[in-house]
Amino acid sequence: MSTKKVSKAIYGQIVILLLCVLTVGYWAVRFPYPSPLIFDILTPQKRWPTDQVADWVISGDIDEGFMSFFYRDPDRIVPEGLDMVAPADGEIRYIDEKDGVKFMVIALTFWDVHVQRSPVGGTVVKIEDMGDTLMDGEGLDMIYLQEKMSPVQKVVHIQSEEWGLVKVRLLTSLLARRLEVWPKVGEKVEKGQKLGRIHLGSTVVVDYPQGLEPAVKIGERVVAGESIIFAAEELKKLEGTVQ
């Protein structure tokens, strides 16, 4: 083998070695979190682990790539008819009743779409702001508040001709405490229309009329504006009760 060929071979090996060192170094700097070099082959949950996102939330220095993913807002195909649809992406965490109030709790992860949608068509009759006073105030014993540090809420009251009064509660913690509601009081909303957005850690709760049988079970995942949480057949149980 000529000297020229040997030099090329050595040069090539040095380049490969340097690339390996840089790759390992980049991984070591980010350890224990994954290197962006392998992002494309990872699921969002593995790309941005929970502990890493939680650290960003606490510090306020959130990765731009994650925020671009977090703020995605895909189109949804809203089913026709009078079925009530999920107001949020996430997992059905609780279906319960307390003090005569029936409620369904949807828990969102960092990787869910965080745009909320109206479960029914109707008129926004009230929007309540409920701040961190709930930390020591009445109502903290509600199961969906117990998991939140100083829970912050916006409660959207929607009066539906078919379903009556349906409340959509947007919850976050004092740590994140950024909620947006887009419709104004008095505005009409369509089923599946965008209601607002919760920034980072969040829960959405639907308060619904008594006597209804949900079309979903605890542990199921739902998609905002698409998944049916109460079938239209349940409206028969409300005949004569809706004001």
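For clarity, every value in this text was computed on a predicted model and none was experimentally measured.

1. Details of the side chain of Arg117
Here's step 1: Tracing the backbone shows Arg117 in strand 4 (residues 115-117).
Here's step 2: At a separation of 3.4 Å, a polar atom in the side chain of Arg117 contacts the main-chain carbonyl oxygen of Pro74.
Here's step 3: In terms of polar contacts, Arg117 uses its side chain to reach the backbone carbonyl oxygen of Gly192, at 2.8 Å.
Here's step 4: Those residues in contact with Arg117 that lie beyond four places of it in its chain are Asp73, Pro74, Arg76, Ala86, Pro87, Gly192, Gln193, Lys194, Leu195, Ala224 and Gly225.

2. Observations regarding the pattern of salt bridges
Here's step 1: Under the definition given, this model contains 7 salt bridges.
Here's step 2: Between Asp89 and Arg76 there is a salt bridge whose closest N-O contact spans 2.8 Å. Placement of Asp89 in the loop between strand 1 (84-85) and strand 2 (90-98) and of Arg76 in the loop between helix 4 (64-70) and strand 1 is noted, with a sequence separation of 13 residues between them. Each member of the pair, Asp89 as well as Arg76, is classed as buried.
Here's step 3: Beyond isolated ion pairs, a larger network of salt bridges with shared partners links Asp73, Arg117 and Lys194.

3. Brief notes about the nonpolar core
Here's step 1: Ranked by internal contacts, the top residues of the largest apolar core, which has 30 residues, are Met84, Met104, Ile106, Ile158, Trp163, Ile229 and Phe230.
Here's step 2: Apart from residues lying up to four places away in sequence, Ile229 is in contact with Met84, Val85, Ala86, Pro87, Met104, Val206, Pro214, Ala215 and Val216.
Here's step 3: Among the nonpolar cores identified, the runner-up in size contains 11 residues, and Val53, Ile62, Phe66 and Trp111 belong to it.

Conventions used here
- Residues numbered from 1 in each chain as written.
- Predicted model: local features only at pLDDT ≥ 70, side-chain atom pairs only at ≥ 80, totals over all residues.
- Heavy atoms only, no water.
- Helix = DSSP H or I, 4+ residues; strand = E, 2+ residues; numbered from the N terminus.
- Polar contact = N/O pair within 3.5 Å; in protein donor to acceptor, adjacent residues only side chain to side chain.
- Contact = heavy atoms within 4.5 Å.
- Salt bridge = Lys/Arg side-chain N within 4 Å of Asp/Glu carboxyl O.
- Buried < 20%, exposed > 50% of the residue type's maximum accessible area, 1.4 Å probe, protein only.
- Core = buried A, V, L, I, M, F, W, Y, C linked by side-chain atoms within 4.5 Å.

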